[in-house]
Amino acid sequence: MTDLQRVAVIGGGVMGNGIAQLSAMKGHDVRLVDVSQERLDSALASIGTSLDRFVKSGKLDAGDRADVLDRLRTTTSVADAVSDVDLVVEAVLERLDVKQAVLAEVVAHAPVAAVLGTNTSQLSITAIASALGDEAHRVVGMHFFNPAVLMRLVELVVGLETSPETLARAEAYAASLGKETVVCRKDSPGFLTSRFSAILRMEALHMLEEGLATPEDIDKAVKLAFNHPMGPLELGDFNGLDTYLDALTGLHAAHGERFRPPVELKNMVAAGRLGRKSGRGFYDHSGS
Ligand code: NAI
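The structure presented is a predicted model; accordingly, all values stated were derived computationally and were not measured.

Calculation rules
Residues numbered from 1 in each chain as written. Predicted model: local features only at pLDDT ≥ 70, side-chain atom pairs only at ≥ 80, totals over all residues. Heavy atoms only, no water. Helix = DSSP H or I, 4+ residues; strand = E, 2+ residues; numbered from the N terminus. Rg over C-alpha atoms; globule rule 2.2 N^0.38 Å. Buried < 20%, exposed > 50% of the residue type's maximum accessible area, 1.4 Å probe, protein only. Contact = heavy atoms within 4.5 Å. Areas by Shrake-Rupley, 256 points an atom, 1.4 Å probe, with all protein chains shown as cover. Lys, Arg positive; Asp, Glu negative; His and termini not counted. Charge placed at Lys NZ, Arg CZ, Asp CG, Glu CD. UniProt positions renumbered as here; feature names shortened; annotations may be inferred. Near = heavy atom within 4 Å. Polar contact = N/O pair within 3.5 Å; in protein donor to acceptor, adjacent residues only side chain to side chain. Phe/Tyr/Trp six-rings, centres within 6.5 Å; stacked < 30°, edge-to-face > 60°. Lys NZ or Arg CZ within 6 Å of the ring centre and 35° of its normal.

1. As for the overall build of the protein
Thought 1: Of regular secondary structure, the protein possesses 12 helices and eight strands.
Thought 2: Computed over C-alpha atoms, the radius of gyration of the protein comes to 20 Å, within 12% of the 19 Å expected from 2.2 N^0.38 for 288 residues, which places it in the range of a compact globule.
Thought 3: Overall, the protein is about 55 × 45 × 35 Å in size when its C-alpha atoms are taken along their principal axes.
Thought 4: Out of the 288 residues belonging to the protein, those deemed buried represent 45%.
Thought 5: When contacts within the protein are restricted to residue pairs at least 6 apart in sequence, those whose partners lie at least 24 apart make up 68%.
Thought 6: When the accessible surface of the protein is split by element, carbon and sulfur atoms take 54% of a total near 13,800 Å².
Thought 7: Placing the 29 positive and 38 negative side-chain charges of the protein at their respective mean positions leaves the two points 3 Å apart.

2. Quick look at the UniProt feature "domain: 3-hydroxyacyl-CoA dehydrogenase NAD binding" (unreviewed entry) in the protein
Thought 1: As recorded in UniProt, the feature "domain: 3-hydroxyacyl-CoA dehydrogenase NAD binding" (unreviewed entry) lies at residues 7-187.
Thought 2: The annotated region residues 7-187 carries 43% helix and 20% strand content, and the separation between its end C-alpha atoms amounts to 24 Å.

3. Remarks on the site of the ligand
Thought 1: Neighbouring the ligand are 21 residues, the closest being Met15, Asp34, Glu94, Lys99 and Ser121.
Thought 2: Backbone polar atom of Val14 to an oxygen atom of the ligand: 3.0 Å apart, as the coordinates give it.
Thought 3: Asp34 is positioned with one of its side-chain polar atoms (N or O) 2.6 Å from an oxygen atom of the ligand.
Thought 4: Mapped onto the shell around the ligand, the elements with two or more residues apiece are helix H1 (14-25) and helix H5 (96-109).

4. Some details on the packing of aromatic side chains
Thought 1: Within this structure, the stated rule accounts for zero aromatic pairs.
Thought 2: The ring centre of Tyr244 lies 4.6 Å from the NZ or CZ of Arg201, which sits over that ring.

Now the structure itself:
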């Protein structure tokens, strides 16, 4: 793994801290970067809690827990974090301008051979890379799933300029984390997985609008018939219905009618029923 030993993860939120933790657990030297020291502190706290769970369940030796944390360094300086890295995973918020600015800063300070992965869930890899001029060939979509330490898949996405070498090194990094990969060979909004999840959730919403069944039964049907750990409506509440509406709006603009956001969803977001975070969505979360 020497070729990809040193990894920087930019963005210490939900996804970034999971990717950083997993990388350190698999032996990489990791630098986790965030603009906010507070976010870094809470990322380290959640990584500690997660490692405790691994130790408790016998999946990690207590002695190895300290080694994992030794391999993980946090900083608020991109320049400091990336000066000697082999690969960067960008996991900052889902905004094109912010991702472009972060990667431009990375390119200014990282070795020329470093691979630049972006964990965007549906932005165009080509558009993100376009801010980097001749360095665009180093950018590849590396779409992890939440929680990154447990989910088995990394979806790799090839932008217009992504080089075969960049893709091969991203595949090698994902393999070093014990992940399976799929490659979306054309840069298309929603890639493979976000299109699937949007369609499933949208169909669940249409069934709800048609009064076919309760939210509980719609979710139960998907979980038990198809072996999904969560139903589409539960998952919508978990991730936030505003986020879901934003995603659908982007897919509708890119792919047309089949992704038109259902009226019921627009109404729920307008009413502030955003799911778990607002206490109410398809389900009542006021007690949780
Ligand atoms: P989050 O909001 O939990 O974390 C984003 C972090 O980026 C924050 O800690 C913020 O302080 C930091 N940040 C913002 N600007 C920065 C900058 N200029 N430099 C360094 N750090 C900066 O977001 P989350 O959920 O971790 O998502 C991150 C990315 O991963 C997004 O592109 C999202 O679409 C994608 N994603 C999210 C999934 C999810 O289930 N949450 C699943 C797969 C991908």
